[in-house]
Amino acid sequence: MPDYDEETKKLIEDAALARANFDEADKRFRDTEKELNDINSFLNMDLGPDEVFYPLKDQCYEFTDREYIYKLCPFDQASQRPKSGGTETNLGRWGHWAGPENNKYEQMKFEKGLNCWNGPDRSVLVTLHCGTNNEIVSVAEPNRCEYTFNFNTPAVCIDTTPEEPHDEHDEL
């Protein structure tokens, strides 16, 4: 640093301290903003009636076949990687509930995975079945780059069909 007079050196030192304080405050602000966005995303997430699918959030499950290890992280993403090693391929990110109109919580749709060469983006349709454990029980690729997972979970062993409101009236 060139030789400055004492007053200029003090101003440079104060400016550096102010910059460091600003950077620290800005980082705390961005961290808090991210945490708030994460909380809002969670609060807006449809985890089923009475939040029955909450135990699946932030969990991942794997299934191994002859060639690949498939990974499903409900409400996040699905992927595959070769058993022999190699990179993980994104099969899709959580999209929405995709079951039939009478029970949309029967299927989960993961979309916008890695694009297939000369084909569509990869996607996964997960069909949920009643089972004692949370586990992927089968994986198939019925169409090019479109995967289906069958997933057992106790969460669907109860009726997840939304109740129809009914009129209650008391007779006198």
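In the block above lies the structure referred to throughout.
A short tour of the structure in this document, coming up. (Residues numbered from 1 in each chain as written. Predicted model: local features only at pLDDT ≥ 70, side-chain atom pairs only at ≥ 80, totals over all residues. Heavy atoms only, no water.)

Topic: the sheet that holds strand β4 (residues 89–97)
Operational definition: Being paired, for any two strands, means DSSP has found at least two bridges between them. Secondary structure elements follow DSSP: runs of H or I of four or more residues count as helices, runs of E of two or more count as strands, with numbering from the N terminus. Between N-to-C directions, angles span 0 to 180 degrees; the directions come from axes that are lines fitted to C-alpha atoms, helices contributing only their stretch in contact.
Ordered by their spatial adjacency, eight strands build an open sheet running β1-β2-β3-β4-β5-β6-β8-β7, and the pairing between neighbours is mixed. If you trace the sheet from one side to the other, it starts and ends with β1 (61–64) and β7 (135–143), each paired once. Across the sheet, the axes of successive neighbouring strands diverge by a mean angle of 25°, strand direction being ignored. Where strand β2 (residues 68–73) lies against strand β3 (residues 77–82), six bridges are found, and the strand directions are antiparallel. When the bridges of β3 are listed, Y70 appears paired with Q80.

Side note on the state of the cysteines
Stated precisely, the cut-off is as follows: We call a pair of cysteine sulfur atoms a disulfide when they lie within 2.5 Å. The rule is simple: take the accessible area with a 1.4 Å probe, protein chains only, and divide by the maximum for that residue type; under 20% is buried, over 50% is exposed, in between is partly exposed.
Throughout the structure, instances matching the rule amount to three disulfides. What pairs with C60 in a disulfide is C73, and their sulfur atoms sit 2.0 Å apart. Disulfide C60 to C73: torsion about the S-S bond roughly 110°, handedness right-handed. With C60 in the loop between α1 (6–44) and β1 and C73 in strand β2, the pair connects residues that are 13 residues apart, well separated along the chain. Assessed through its relative accessible area of 43%, C60 is described here as partly exposed. By relative accessible area, which is 4% here, C73 ends up buried.

Quick notes on the environment of T89
Locating T89 in the fold gives a position in strand β4. T89 sits in the buried class, given a relative accessible area of 16%. Once the C-alpha coordinates of T89 and Y70 are considered, the two residues, 19 residues apart in sequence, prove to be 9.5 Å apart.

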